[in-house]
Amino acid sequence: MAVLTETEILTKRDFLPLHGTDHVEFYVGNARQAAHYYRSAFGMKLVAYAGPETGMRDRASYVLEQGKVRFVLTTALRAGDPVAAHVHRHGDGVKAIALMVDDAESAWRETTSRGAQSAAGPAELRDEFGVVRTASIAAYGETLHTFVERSSYRGPFIPGYKPAPEEDIVSRPVGLLHIDHMVGNVALGDMNRYVDFYRTVLGFDLYQTFDDKDISTEYSALMSKVMSNGNGRVKFPLNEPAAGKRKSQIEEYLDYYQGPGVQHIALATNDIVDTVRRLRSQGVEFLRVPNTYYEELEGRVGRIDEAVTELADLGILVDRDDEGYMLQIFTRPVEDRPTLFYEIIQRKGSRSFGKGNFKALFEAIEREQALRGNL
Ligand code: FE2
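Asker: What is the right way to look at empty space enclosed by the protein in this model?
Answerer: Gaps left between atoms are located by rolling a probe of water-molecule size over the structure's atoms. Under the counting rule described, the total for this entry stands at six cavities of 30 Å³ or more. Here the largest cavity is characterised by a volume of approximately 220 Å³. What lines the largest cavity is a set of 21 residues, among which Val 183, Asn 239, His 264, Phe 358 and Phe 362 lie closest to the centre. Where the lining of the largest cavity is concerned, the elements lending two or more residues are β10 (178-185), β12 (221-228), β13 (235-242), β14 (261-268), β16 (324-330), β17 (341-348) and α11 (358-371). Per element, the largest residue contribution to the lining of the largest cavity is four residues, and it comes from α11. Its residues assigned to classes, the lining of the largest cavity comprises 13 nonpolar, seven polar and one charged. Looking at the second largest cavity, its volume works out to about 140 Å³.

Asker: Where do I start with the coordination of the iron ion in this structure?
Answerer: Around a metal, the perfect tetrahedron of four donors has angles of 109.5 degrees, and the perfect octahedron of six donors has angles of 90 or 180 degrees. Protein coordination of the iron ion is provided by His 181 (NE2), His 264 (NE2) and Glu 343 (OE), with donor distances spanning 2.0 to 2.2 Å. Positions of the donor residues of the iron ion, expressed as sequence spacing, correspond to H-x82-H-x78-E. Of this pair, His 181 sits in strand β10 while Glu 343 is found in strand β17, placing the two residues 162 residues apart along the sequence. Across the pair, exposure class does not vary: His 181 and Glu 343 are buried alike.

Asker: Before we go on, may I ask you to explain the domain arrangement of the chain in this structure?
Answerer: Quite often, the size of an interface is put as the accessible area lost when its parts meet. In terms of domains, the chain is made up of domain 1 (7-163) and domain 2 (176-372). The interface of domain 1 with domain 2 comprises 44 residues on the first partner and 43 residues on the second. Of the roughly 3,500 Å² buried between domain 1 and domain 2, counting both surfaces, carbon and sulfur atoms make up 63%. Here domain 1 and domain 2 share zero salt bridges between them. Inspection of the domain 1/domain 2 interface yields 14 residue pairs in polar contact (both at pLDDT 80 or more). Where the side of domain 1 that touches domain 2 is concerned, the elements lending two or more residues are β1 (21-27), α2 (31-40), β4 (69-76), α3 (82-90), β5 (93-100) and β7 (130-138).

Asker: What is the right way to read the nonpolar core from this model?
Answerer: Generally speaking, a soluble globular protein has its nonpolar side chains buried in company with each other. Of all hydrophobic cores here, the largest spans 96 residues; its most connected members are Phe 26, Phe 42, Phe 71, Tyr 198, Ile 265 and Leu 267. No fewer than three residues from each of domain 1 (7-163) and domain 2 (176-372) sit in this core. Dropping the residues within four chain positions of it, Ile 265 is found in contact with Val 24, Phe 26, Phe 71, Val 94, Ile 179, His 181, Met 182, Leu 340, Phe 341, Tyr 342 and Glu 343. Grouped together as the second largest cluster of nonpolar side chains are twelve residues, Val 47, Val 72, Val 132 and Tyr 161 included.

Asker: Help me understand unusual backbone geometry in this model?
Answerer: Apart from glycine, the bulk of residues carry a negative phi angle, and the bulk of peptide bonds sit in the trans form. With a phi close to 60°, Gln 258 is a non-glycine residue in the positive phi region. Within the secondary structure layout, Gln 258 lies in the loop between α6 (249-257) and β14.

Asker: Quick question: what am I supposed to make of the pairing of β16 here?
Answerer: It is a general feature of regular strands that their side chains alternate between the two faces of the sheet. Of all the seven residues making up β16, seven are buried; the element is thus mostly covered by neighbouring parts of the structure. What you see with β16 is no split at all: Gly 324, Met 326, Gln 328 and Phe 330 on one side and Tyr 325, Leu 327 and Ile 329 on the other are buried throughout. Where strand β15 (residues 317-321) meets β16, five bridges bridge the pair, whose relative direction is antiparallel. When the sheet's bridge partners are listed, Arg 320 is paired in β16 with Tyr 325. Judged from the five bridges that link them, β16 and β17 form a sheet pairing that is antiparallel. Along β17, the bridge assignment pairs Phe 330 with Glu 343.

Asker: Explain the side chain of Lys 225 to me, please; I cannot follow it from the model alone.
Answerer: Inspection of the secondary structure assignment puts Lys 225 in strand β12. Reaching out from Lys 225, the side chain makes a polar contact with the side chain of Asn 192 at a distance of 2.7 Å. In contact with Lys 225, other than residues within four places in its own chain, are Met 191, Asn 192, Val 195, Leu 206, Gln 208, Thr 209, Phe 236, Pro 237 and Leu 238.

Asker: When you look at the sheet that holds β17 in this model, what are you seeing that I'm missing?
Answerer: Strand pairing in a sheet is mediated by backbone hydrogen bonds. Such pairs are either parallel or antiparallel. Taken in spatial order, the eight strands of this open sheet run β11-β12-β13-β10-β14-β17-β16-β15, and their pairing is mixed. Two strands close off the open sheet at either side, each with one partner strand: β11 (205-210) and β15. The mean inter-strand angle of the sheet, taken between neighbouring strand axes irrespective of direction, is 25°. Seen against the sheet, helix α7 (residues 272-281) touches β16 and β17 and runs at an angle of roughly 160° to β17.

Procedures and definitions
- Residues numbered from 1 in each chain as written.
- Predicted model: local features only at pLDDT ≥ 70, side-chain atom pairs only at ≥ 80, totals over all residues.
- Heavy atoms only, no water.
- 1 Å grid on protein atoms, 1.4 Å probe; cavity = no way out; pocket = protein on both sides within 12 Å on 5 of 7 lines; lining within 4 Å.
- Points joined across faces, edges and corners; volume = space filled by probe spheres on them.
- Helix = DSSP H or I, 4+ residues; strand = E, 2+ residues; numbered from the N terminus.
- Nonpolar A, V, L, I, M, F, W, Y, C, P; charged D, E, K, R; others polar.
- Donors = N, O, S within 2.8 Å, 3.2 Å for Na, K, Ca; no water.
- Buried < 20%, exposed > 50% of the residue type's maximum accessible area, 1.4 Å probe, protein only.
- Domains from an automatic or database assignment.
- Contact = heavy atoms within 4.5 Å.
- Buried area = accessible area lost by both parts, 1.4 Å probe.
- Salt bridge = Lys/Arg side-chain N within 4 Å of Asp/Glu carboxyl O.
- Polar contact = N/O pair within 3.5 Å; in protein donor to acceptor, adjacent residues only side chain to side chain.
- Core = buried A, V, L, I, M, F, W, Y, C linked by side-chain atoms within 4.5 Å.
- Pairing = 2+ DSSP bridges.
- Axes fitted to C-alpha atoms, helices over the stretch in contact; angles between N-to-C directions.

Right under this line is the structure:
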């Protein structure tokens, strides 16, 4: 495992300065109902809408927020639309990871000149609230990175979107703060190709590496490398399946998503016990590890501020490294296909990804895989 120091990260010239994740856009089969789920279960607030009523004839799009987390749920209104084709192939999933920049055109120029495939050239969108500039490049599979420049924009999202009514009676926030990291699954043998893509094209650095010795259970394995941008605000772990006795969870994902895509989105909180309690009471389903995980917990991770009984009750996992500890928990997939799921994470000093939990966690995932007949 190699971790860059803060100085190593800061002294490198950054040709693609990123302020963080602007938003994540999902293509879904029914955006109105998906929006209701993210509002009622995850407590996100509806802030903007675009559709036929606002002059967008072919799609409907709902913008949801909590803390700095912003999701856009988009659906097609007719067959034959690229959004419909995407949903037909992949099911509901992430189409674009949008990154906040000062200059969208420069971001597009810097990345395409380094080999990125352009998905949409620089565009300027205007309405009464100001100007937003965007441009997109292809990432893994059909996933895109969109650069969003919105410094002077005062509207609810981007031009074309209408503000939602101030009150959202469905939304009950749970304390989500921002996106900690977003993980992509790629095909066997492709991980290093995408590590090179993020390094060469976006100027990211390799932040941590996990091989199949770190991440293997009796049955299946995977490999993972974490890429980080210069200021550490954007982290993209990339997974590929590794050989095991049975089908890797990554292969199951690739089968059902029909190719590479976003596997999970980690959402940060500063009170994971409260956040998970609220999410559970609002119907979010989490993976469970056996209770034996908690018997030796403080022996493994040392003293922690939280009550172990409370963590055991909710199924929250803990891991420690040289810098501190972190708490994490994973939802079940949020679609019928076993594809995208969420992680809730609270960092208390640790900047790593819960390596000590991989075994217990992946065994929990495999129990679910087996129930689906895919192990
Ligand atoms: Fe994660």
